[in-house]
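Examining the three-dimensional arrangement
As a plain string of letters, each chain reads:
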Amino acid sequence: MPDLPSVTEMFDLWGEVALVTGASSGLGRRFAKVLAAQGAKVVLCARSTGKLEAVKAEIEFARGDAVCVALDVTDPDGIAAAFDAAEAAFGTVTIVNNNAGIAKPAKAIDMSHEDWRSVLAVNLDAVWFVAQEAARRMAAAGKPGTIINTASILSFLVGNGMASYAVAKAGVVQATKSLALEVARHNIRVNAIAPGYVLTEINRSFFETDAGQDVIKTIPQRRIGDPADLDGTLLLLASGKASGFMTGSTIVIDGGHMMTGG
Ligand SMILES: NC(=O)c1ccc[n+]([C@@H]2O[C@H](COP(=O)([O-])OP(=O)(O)OC[C@H]3O[C@@H](n4cnc5c(N)ncnc54)[C@H](OP(=O)(O)O)[C@@H]3O)[C@@H](O)[C@H]2O)c1
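An account of the accompanying structure is given in this report. The structure presented is a predicted model; accordingly, all values stated were derived computationally and were not measured. (Residues numbered from 1 in each chain as written. Predicted model: local features only at pLDDT ≥ 70, side-chain atom pairs only at ≥ 80, totals over all residues. Heavy atoms only, no water.)

**Comments concerning the overall build of the chain**
Across its full length, the chain holds ten helices and seven strands. Here the chain has a C-alpha radius of gyration of 18 Å; the compact-globule value for 262 residues is 18 Å, and the two agree. Residues counted as buried form 47% of the 262 residues belonging to the chain. In the chain, of all internal contacts separated by at least 6 residues, the share reaching a separation of at least 24 is 72%. Only carbon and sulfur atoms are counted for the fraction: they give 55% of the accessible area of the chain, which is about 12700 Å². Averaging the positions of the 23 positive and the 27 negative side-chain charges in the chain gives two centres separated by 2 Å. (Helix = DSSP H or I, 4+ residues; strand = E, 2+ residues; numbered from the N terminus. Rg over C-alpha atoms; globule rule 2.2 N^0.38 Å. Buried < 20%, exposed > 50% of the residue type's maximum accessible area, 1.4 Å probe, protein only. Contact = heavy atoms within 4.5 Å. Areas by Shrake-Rupley, 256 points an atom, 1.4 Å probe, with all protein chains shown as cover. Lys, Arg positive; Asp, Glu negative; His and termini not counted. Charge placed at Lys NZ, Arg CZ, Asp CG, Glu CD.)

**Topic: the state of the cysteines**
On inspection of all chains with the given rule, the structure shows zero disulfides. Left unpaired, Cys45 is separated from the closest cysteine sulfur, that of Cys68, by 9.1 Å. (Disulfide = S-S within 2.5 Å.)

**With respect to the packing of aromatic side chains**
Counted under the stated rule, the structure contains two aromatic pairs. Seen in terms of ring centroids, Phe206 and Phe207 are 5.1 Å apart; in terms of plane orientation they differ by 65°. Their pairing is edge-to-face. The class of Phe207 is buried, set by a relative accessible area of 4%. Grouping aromatic residues by their ring pairs yields a cluster made of Tyr197, Phe206 and Phe207. (Phe/Tyr/Trp six-rings, centres within 6.5 Å; stacked < 30°, edge-to-face > 60°.)

**Considering the nonpolar core**
If you look at the biggest cluster of nonpolar residues, it comprises 29 residues, and the most contacted ones within it are Leu13, Leu35, Val42, Leu44, Ile59, Ile148 and Leu234. Elements that contribute at least two residues to this core include exactly β1 (17-21), α2 (26-37), β2 (41-46), α3 (49-61) and α9 (231-238). Top element by residues in this core is α2. It accounts for six residues. With near-sequence residues (within four places) excluded, Leu44 lies in contact with Val20, Ala23, Ala32, Leu52, Val55, Lys56, Ile59, Ala66, Val67, Cys68 and Val69. In this structure, Val96, Val122, Ala135 and Met138 belong to the second largest nonpolar core, which totals 27 residues. (Core = buried A, V, L, I, M, F, W, Y, C linked by side-chain atoms within 4.5 Å.)

**Re the site of the ligand**
Around the ligand, a shell composed of 30 residues is seen, among which Ser25, Arg47, Ser48, Tyr165 and Thr200 lie nearest. For the ligand, an oxygen atom lies 2.5 Å from a polar atom in the side chain of Tyr165. Protein chains shield 93% of the accessible area of the ligand, which is 880 Å² for the free molecule. Put simply, the parts of the chain that give the shell around the ligand at least two residues each are α2 and α6 (163-183). Residue classes in the shell around the ligand are distributed as 14 nonpolar, twelve polar and four charged. (Near = heavy atom within 4 Å. Polar contact = N/O pair within 3.5 Å; in protein donor to acceptor, adjacent residues only side chain to side chain. Nonpolar A, V, L, I, M, F, W, Y, C, P; charged D, E, K, R; others polar.)

**With respect to the packing of helix α5 (residues 113-141) against α6**
It is at 8 Å that the axes of α5 and α6 come closest, and there the two elements cross at 15°. By the angle between their directions, the pair α5 and α6 is classed as roughly parallel. With respect to the hand of their crossing, α5 and α6 are arranged in right-handed fashion. Mapping the contact onto sequence places Trp116, Val119, Leu120, Asn123, Leu124, Val127, Trp128, Ala131, Gln132 and Ala135 in α5 and Ala163, Ser164, Tyr165, Val167, Ala168, Lys169, Gly171, Val172, Ala175, Leu179 and Val183 in α6. Considering only residue class, the contact of α5 with α6 consists of 16 nonpolar, four polar and one charged. (Axes fitted to C-alpha atoms, helices over the stretch in contact; angles between N-to-C directions. Parallel < 35°, antiparallel > 145°, perpendicular 65-115°, else oblique. Left-handed = near helix turned anticlockwise from the far one by under 90°.)

**Considering the sheet that holds strand β7 (residues 250-253)**
Backbone hydrogen bonds are what pair the strands of a sheet, in a parallel or an antiparallel way. One open sheet accounts for seven strands, arranged β3-β2-β1-β4-β5-β6-β7; its pairing is parallel. With one partner strand each, in any of the chains shown, β3 (66-70) and β7 form the two edges of the open sheet. Strand-to-strand twist of the sheet, defined as the mean angle between neighbouring strand axes without regard to direction, takes the value 15°. Pairing of β1 with β2 involves five bridges; the strand directions are parallel. Of the residues in β2, the one forming a bridge with Val17 is Lys41. Sheet contacts for α3: β2 and β3; angle to β3, the most-contacted strand, approximately 175°. Across the sheet, α6 is in contact with β5 (145-150), β6 (188-195) and β7; its angle to β6 comes to roughly 165°. (Pairing = 2+ DSSP bridges.)

Structure (structure tokens):
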């Protein structure tokens, strides 16, 4: 039936160039491999270059294309340089996964100025500046593009010891909508994924404790997420053929956790 889409075509990313921050670990590592598997050339960004090289090797083993770029997302010059390197390797970046993130849990009244600032710098400021740089370059090149920010269920909920993280992630939702509003006319879409708890390096040590296991019991699906649980949503937002009329949205993927109020 030629007038109906094939799933393969709908999620095909051949010809796209995807830049993933936080690609050395956890969700970003998975996202980079998933985008590459659909044909995108992938620019792997993080500080740990050894880990990036390992992800690159996995992508190339699967016949994908990737390049590693050392990037501390809190360095504005570094962000511009990363896009320069991406363009030199593969051309204009058309997909951005703004995924680098940290958590520094501390009681609200004890939280240091330094820790507060560092979480906001990575989880919110850098998300904005990477997205802004991407949108400028997509618009200048006259290319449609998609920016996918990694938010969290703590964009909407709060948690003990998680004030800086929750405030930053709430900001990511507003940053997503604010940028989406202004760049829609350039055919650039900006959306966010808000995961619930997904087992990665950011939380592994906590979920191995009794307290962590108790939290898992409060999730309606009675399990913690796996990075692969986000594959479908990532591809939905990455593909203009699949989600061309979506912008400014944040999609929650959490095993039902938000329904419980956290
Ligand atoms: N796992 C979850 O349950 C969960 C839930 C909701 C949202 N999230 C969000 O998902 C994203 C990925 O987290 P994850 O769970 O995959 O954690 P992770 O395994 O700890 O990975 C974090 C990534 O961020 C990078 N990063 C941290 N600071 C950076 C900096 N200054 N510059 C560049 N890269 C930096 C790290 O790379 P380097 O250290 O090599 O630089 C690493 O690749 C984060 O935004 C997190 O808040 C996670």
